[in-house]
Amino acid sequence: MADEKNPFPGENNTGHIWDDNIRELDNPVPRWWMVGFWASVLWWVAYGILYPMIPLGEDSTKGVLGWTQIGEYNDGVAEVQAVRAKFEDQIAGMTPAEILADDGLSGYATASARVLFGDNCQACHGAGGQGGPGYPVLADDNWLYGGTIEAITQTITSGRQGIMVAHGATLSDQEIDTLAQYTVDLSQGQANEAGAELYQTKGCFACHGPDAKGLQIMGSANLTDAIWRFNEDDKLASAKYTIKHGVNAANDPMTREAVMPAFSARLSDNDIKKLAVYVHKLGGGQ
Amino acid sequence: MNDLNNQIPTSTVDDIYAESGHWHVNTGEEKIHAKRMGGKWRNLKWWSNSFWLLFFLGPYLRWDDRQAVLFDIPNRQFHIFGATILPQDFWMLALLLLFFAILLAVVTAVAGRVWCGFFCFQTVWTDIYTWLEEKFEGGPQKRRKLDAAPWTFQKIKVKTQKHALWLLVAFLTGVSFVAWFQDSFTLWGELVRFEAGMASTVFIGMFIAGTYVLAGFLREQACLWLCPYARIQGVMIDKSTILPTYDFVRGEPRGRIKKNQKEEDRTTGDCVDCNQCVAVCPTGVDIRHGQQEGCITCALCIDACDAVMEKVGRPTGLIRYESLEGLETGHSVPLHKRGRVWVYSAILTFALSGIVYGLSTLGAIDLKVLHDRQPLFVMQSDGSIQNKYTLKVLNKLSDDVKIMVIAEGPEGLKMTGSEDGFNARHGNVTPRTVFVRVPQSSLTAESMPIKFTITTSKGTEVFSSSRESVFIGPAR
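Residues numbered from 1 in each chain as written. Chains lettered and ligands numbered in written order. Predicted model: local features only at pLDDT ≥ 70, side-chain atom pairs only at ≥ 80, totals over all residues.

Looking up chain A in an unreviewed UniProt entry gives the name Cbb3-type cytochrome c oxidase subunit, with the organism given as Motiliproteus coralliicola. Reading the Subunit (unreviewed entry) entry of the UniProt record for chain A gives the comment "Component of the cbb3-type cytochrome c oxidase." Under the Function (unreviewed entry) heading, UniProt states for chain A: "C-type cytochrome. Part of the cbb3-type cytochrome c oxidase complex." (UniProt positions renumbered as here; feature names shortened; annotations may be inferred.)

Peer 1: Sorry if this is basic, but what is going on with the nonpolar core here?
Peer 2: If you look at soluble globular proteins, the nonpolar side chains tend to sit buried side by side. Counting 44 residues, the largest nonpolar core has Ala 109, Leu 275, Ala 276, Val 277, Tyr 278 and Val 279 of chain A together with Val 436 of chain B as the members making the most contacts within it. The biggest single contributor to this core is helix H11 (residues 269–280) of chain A, with 6 residues. Apart from the residues lying within four places of it in its own chain, the contact partners of Val 279 of chain A are Gly 129, Leu 138 and Ile 152 of chain A. Core analysis: the next-biggest nonpolar cluster, separate from the first, contains 28 residues, Cys 271, Cys 281, Ile 302 and Val 308 of chain B among them. (Core = buried A, V, L, I, M, F, W, Y, C linked by C-beta atoms within 7 Å. Buried ≥ 20, exposed ≤ 12 C-beta atoms within 10 Å, placed from the backbone. Helix = DSSP H or I, 4+ residues; strand = E, 2+ residues; numbered from the N terminus. Contact = placed C-beta atoms within 7 Å.)

Peer 1: How do you make sense of helix H6 (residues 149–158) of chain A when you look at a structure like this?
Peer 2: Within an α-helix, residues lying three or four positions from one another point in the same direction, as the helix has 3.6 residues per turn. Residue and element names in this part refer to chain A. Taken together, the buried positions of H6 are occupied by Ile 149, Ile 152, Thr 153, Thr 155 and Ile 156. Taken down its axis, H6 places every buried residue within 160° of arc, on the same side. As for H6, its buried residues are in contact with helix H3 (96–101), strand E5 (160–161), strand E6 (259–260) and H11. Immediately beyond the C-terminal end of H6, within one or two residues, lies Gly 159, with a positive phi of roughly 80°. (Arc of directions from axis to C-beta.)

Peer 1: Mind showing me how you'd approach the UniProt feature "binding site: heme c 2" (unreviewed entry) in chain A here?
Peer 2: Residue and element names in this part refer to chain A. Per the UniProt record, "binding site: heme c 2" (unreviewed entry) is annotated on Met 164, Cys 204, Cys 207 and His 208. For this annotated set, covering 45 residues, all C-alpha atoms fall within 10.3 Å of each other, a compact arrangement in space. Along the chain, Met 164 falls in the loop between E5 and helix H7 (173–187). Classification of Met 164 as buried rests on a count of 21 C-beta atoms within 10 Å. Excluding its chain neighbours within four sequence positions, the residues that come into contact with Met 164 are Thr 242, Gly 246, Val 247 and Ala 249. Relative to the helices and strands, Cys 207 resides in helix H9 (residues 205–208). Sequence-distant contacts of Cys 207, that is, excluding residues within four places in its chain, are made with Leu 215, Met 218 and Ser 220.

Spelled out as structure tokens, the structure:
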């Protein structure tokens, strides 16, 4: 629009006028805004030169600083490992028993293994080693396979698999009842002559030992103590079930399952040592 | 407006205008060059100034093989001579702050802004800076002249020397401050080799800038416009408070001495209107207008006035420490009849006895007990119940010590995990896990009390600390 037709000449408007007097001005943006704008542009250029920025298909420009996210992450990990190295290096050359005997190192191992325990063990054995339905307590003094630091290390490394034959086919229901009652009485320190006789004649001692205290070499349960591996709430029913269906018995689909996986493939030697120390210190280590 | 005119007689309005005429507030447009005069209060001021020598020299005191007073922030421990104070003891800091807050209140209520006039770092450092200024540039007249004079070589030389010395004082101030927080001799070593750490450098820099600007340039403006305490203390003063006061009864009407006039014929008051009280005032107020916000009660005007009174042969004390009440009625309420003094003293005594109690019972070792929550208890193969506890032992002694633990609780309890005791690192909390086993037959309740006691000995001294916890068994 030519200026002579502009009703508001000389005020730098664009000539767009609505409702007689509302017009669009063409003033420059404020200087502070422009300074900010050009500073942002400079920032963008500098950033693009220094850091990865422009995507190139699968890849992107690298930036002259060579910075990457994974690099920063790795630096952080390296920093932590450098702090831990003085402990980890010692642990690598020591047996779990030696670590346990060293106040400082066992303190480190415990603190470090708390996380490992949470990631690998807690799901079955509970956050504090308190066990769960069907999973052994790690904080008590009863150990199927031994509670020495070496035995614990062995258990974590190679895993364990309980084994007990299902007796449903070889024992009558009445015999099972008698034997189940016998185990309950044993754990409560009461005499049961009929049960004791049947325990001997049916060969239970072959695995559980002549004194019914179990054999760690086989992982057979101690029947005389107060600890119940499978179901504490109804001991008699639990004992009957276990005798009838066995543990990990191949021919009985209703058998009890008791499997501890091997962790040698998942955890490093150092981690296993630390975990063994941790478990040993949960309350029942021997 | 008519009402107002009716209410206020014209003569009163004139008085108000007259008063506002000389109600001058200096906002910094006029630089105060106070005259320095000798005298009783001036001498006292040097003594109170030298209180701050403690600040400069304190960090070099040694105790055993460390700095006597060291606020070791990175290691979270404060050493004060023989005592080591850890964050666990910080409740005493609250009492200490209370003590000083009330001390400020009681001193101000009794004798005005003693802190401002005699001890405040702003007053003291300004005093030192102006003292240096006078050494190089001469008295107030010469200084004003020099400021107005064109820049000559002589002026540059004088100014450079003054500012260099100011900066030196500022630097020493910064170093002394930082030396309370890290070993002073190590700090000087680092400074000489230009190896001082980031925190030290930043703080020394901040103190150099702060001291130089506040004491060199802002001066009384800091008291007038920056400082909250100046205002707070103003409201603590009442009519019974003794302050440097101009005795207007004796002084007014003021008038200059006329030559050849006999003393008996004099119609004016004792004030000879010589303005010396204004000339010496570091904040530039006129004390003859009464107590006012600019007055820091430094009492230098008393020296000035007394000197003049002596010269003209009139009794001294025209400006003196006096309460408004005393001036008006001739007698002041004695200290022990003032309720505020009693209340303040009671709070002071409370705070002080709390600190004394705290310091005298600073346990050498301290025990906290955490009962393991997951699991709360574990049954053992013989049917007994085991609980797990984490003992946290705080060792405030200066050496690592061996801690022995005993537990008292349900009958037949057995504790494992600390048979031979354990080592507790000094200045640190050492955790230790112990297990307590109790036979089922002794458990009469789901939760039973148990008490842990730790003991250790250092030389012939035996230290101990106890903590109660619970032993938890199956629900019954």
